[in-house]
Amino acid sequence: MSDNDGVTSPDVPDRRRATDAAVLRPCLPTPLREVTDERFARHGVRLLLKRDDLIHPELIGNKWRKLAPNLSAAAGRTLLTFGGAYSNHLRATAAAGRLLGLDTVGVVRGQELADRPLNASLARCAADGMRLHFIDRSTYRRVSEPGVLAGVLRGADAEDAYVVPEGGSNSLAVRGCHALGEELRGRADVVAVACGTGGTLAGLAAGLAPDQRALGVAVLKGDFLAGETAALQTLAFGGRRGSWSVDTRFHFGGYARTTAELEAFARDFESRHFLPVERLYVAKLLYGLVALAEEGAFPRGTTVAAVITGTPFPSSAPGAVAGHTVSR
């Protein structure tokens with residue numbers, strides 16, 4: 001899939017770039033908050049929450065960090081990207097398009113969905129002006145092949161679009177997430193983040209100090225994520241950077257899936273810490289960290305920072321859980 005690296009046009013007026021920056025101005029650095037939780041404290045572990053969910057009201061967390069450099073590189077062109085029926089990335093891209101007055105196209109996995117009513121996530125994309133283009137799952141798996149991608153672009157009537165890969169993870173996005181690691185230098189021994197495509201982990205790990213390590217908690221089934229993360233670091237930095245690893249045990253059935261156990265855990269965490277817990281990424285991250293603490297994976301005296309990359313959809317108040325999307 002095309003990376004579109006280095007396509008920022010020198011002819012784009014500075015005024016347009018300044019306007020984009022004003023519209024998408026983030027709250028940086030995002031807050032780092034310590035919470036008291038006996039499930040960590042009894043093992044001598046401190047827990048910090050890196051509140052990247054507060055970075056921007058509509059481009060939340062790593063979505064802002066990954067999209068902002070790609071929006072600049074798109075230089076006003078139509079933005080085309082990929083995702084499943086519950087993709088946070090598609091919603092963020094659609095919101096960015098609305099805020100900046102850019103045309104957006106979302107290529108959705110699953111041709112069978114074209115004839116069904118839109119779920120709440122895709123309906124939000126459409127309401128924000130994103131044109132949805134559904135393709136079959138076999139084709140979707142091959143969109144990284146140039147010929148297949150060209151056919152998808154023709155079918156979507158978007159041959160001149162700026163292409164952003166699924167999850168927003170390309171070299172620009174990885175370098176954008178480097179700043180997340182820089183914000184956490186010297187603040188924790190271990191920095192953990194939920195992973196779908198590996199882009200955030202790749203940038204985060206590269207930005208941390210040499211004596212820190214990053215931990216990715218996979219939200220999808222399979223053992224591919226370590227390889228994808230390493231490949232993204234090579235694309236962005238020329239090779240592997242930082243100390244990092246991926247734990248694949250806490251996906252709860254795969255992307256956009258959850259269980260009663262995970263739901264109960266998320267509700268309990270919300271009531272303990274007055275934090276709305278997004279179910280598809282953040283709940284799995286926090287559950288995994290509690291399990292790892294119980295296993296003794298963190299030596300006594302360790303400070304762990306969990307990156308909170310999103311909020312429940314639709315966004316709800318602290319302590320509330322209404323509106324999260326679950327796929328069975």
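Everything that follows concerns the structure shown earlier in this document.
Residues numbered from 1 in each chain as written. Predicted model: local features only at pLDDT ≥ 70, side-chain atom pairs only at ≥ 80, totals over all residues. Heavy atoms only, no water.

Undergrad: How should I be thinking about the sheet that holds strand 6 (residues 162-164) in this particular structure?
TA: Pairing between the strands of a sheet is mediated by backbone hydrogen bonds and can be parallel or antiparallel. With parallel pairing, the 4 strands of this open sheet are ordered in space as 5-4-3-6. The open sheet has two edge strands, strand 5 (131-135) and strand 6, and neither has a second partner. Between one strand axis and the next, the sheet turns through 25 degrees on average, direction left out of account. One ladder, built from 5 bridges, connects strand 4 (residues 104-109) with strand 5; its direction is parallel. Bridge pairing in strand 5 links valine 105 to arginine 131. The sheet contacts of helix 3 (residues 62-74) involve strand 3 (79-83) and strand 6, and relative to strand 6 the element is tilted by about 165 degrees. (Pairing = 2+ DSSP bridges. Helix = DSSP H or I, 4+ residues; strand = E, 2+ residues; numbered from the N terminus. Axes fitted to C-alpha atoms, helices over the stretch in contact; angles between N-to-C directions. Contact = heavy atoms within 4.5 Å.)

Undergrad: In this structure, what is going on with the packing of aromatic side chains? I would like to understand it.
TA: Pairs of aromatic rings are described using the distance from one ring centre to the other and the angle between the two planes. The tally for this structure, following the rule as stated, stands at 5 aromatic pairs. Relative to tyrosine 287, the ring of phenylalanine 252 has its centre 4.9 Å away and its plane inclined at 90 degrees; by these criteria the two rings are edge-to-face. A residue pair is termed long-range when its members are at least 10 positions apart, and phenylalanine 252 in the loop between strand 9 (243-247) and helix 11 (260-273) and tyrosine 287 in helix 12 (residues 282-295) qualify at 35 residues. A connected cluster of aromatic rings, assembled from ring pairs, spans Phe250, Phe252, Phe265, Phe269 and Tyr287. (Phe/Tyr/Trp six-rings, centres within 6.5 Å; stacked < 30°, edge-to-face > 60°.)

Undergrad: What exactly am I supposed to notice about the side chain of histidine 89 here?
TA: Positionally, histidine 89 belongs in helix 4 (residues 88-100). Looking at histidine 89, the relative accessible area reads 3%, which means it is buried. Side chain to side chain, histidine 89 and threonine 81 meet in a polar contact 2.7 Å long. (Buried < 20%, exposed > 50% of the residue type's maximum accessible area, 1.4 Å probe, protein only. Polar contact = N/O pair within 3.5 Å; in protein donor to acceptor, adjacent residues only side chain to side chain.)

Undergrad: What am I meant to see in the sheet that holds strand 9 here?
TA: On the basis of which strands lie adjacent, the open sheet formed by 6 strands has the order 1-2-10-7-8-9 and mixed pairing. The outermost strands of the open sheet, each flanked by one partner alone, are strand 1 (32-35) and strand 9. Going from strand to strand, the sheet's axes swing by 25 degrees on average, the running direction of each strand aside. Bridge analysis of strand 7 (residues 190-195) against strand 8 (residues 213-218) gives 6 bridges, and the strand direction is parallel. Residue pairing in the sheet places alanine 192 in a bridge with leucine 215 of strand 8. On the sheet, helix 12 packs against strand 2 (46-50), strand 7, strand 8, strand 9 and strand 10 (303-307) and is oriented at approximately 165 degrees with respect to strand 10.

Undergrad: Explanation requested: helix 12 in the structure shown.
TA: One turn of an α-helix holds 3.6 residues; hence residues three or four places apart share an orientation. Over its 14 residues, helix 12 runs 20 Å from end to end, which matches the ideal 20 Å to within 8%, given 1.5 Å per residue. Restricting attention to buried positions, one finds in helix 12 the residues Val282, Ala283, Lys284, Leu285, Leu286, Tyr287, Gly288, Leu289, Val290, Ala291, Leu292 and Ala293. Where helix 12 terminates, the next one or two residues include glycine 296, which has phi positive at roughly 80 degrees. (Expected span 1.5 Å × (residues − 1).)

Undergrad: Honestly, the pattern of salt bridges in this entry has me stumped. Any pointers?
TA: What the rule picks out here adds up to 21 salt bridges. The salt bridge involving aspartate 52 is made with arginine 65; its shortest N-O contact spans 2.6 Å. Of this pair, aspartate 52 sits in the loop between strand 2 and helix 3 while arginine 65 sits in helix 3, and the two are 13 residues apart along the sequence. The residue arginine 249 makes a salt bridge to glutamate 295 at a minimum N-O spacing of 2.9 Å. In this pair, arginine 249 is assigned in the loop between strand 9 and helix 11 and glutamate 295 in helix 12, connecting sequence segments 46 residues apart. Here arginine 249 falls in the partly exposed class, since its relative accessible area comes to 46%. A relative accessible area of 48% places glutamate 295 in the partly exposed class. Overlapping salt bridges bring together Asp37, Glu38, Arg39, Asp268 and Arg272 as one network. (Salt bridge = Lys/Arg side-chain N within 4 Å of Asp/Glu carboxyl O.)

All we've got here are geometric facts, nothing functional implied.
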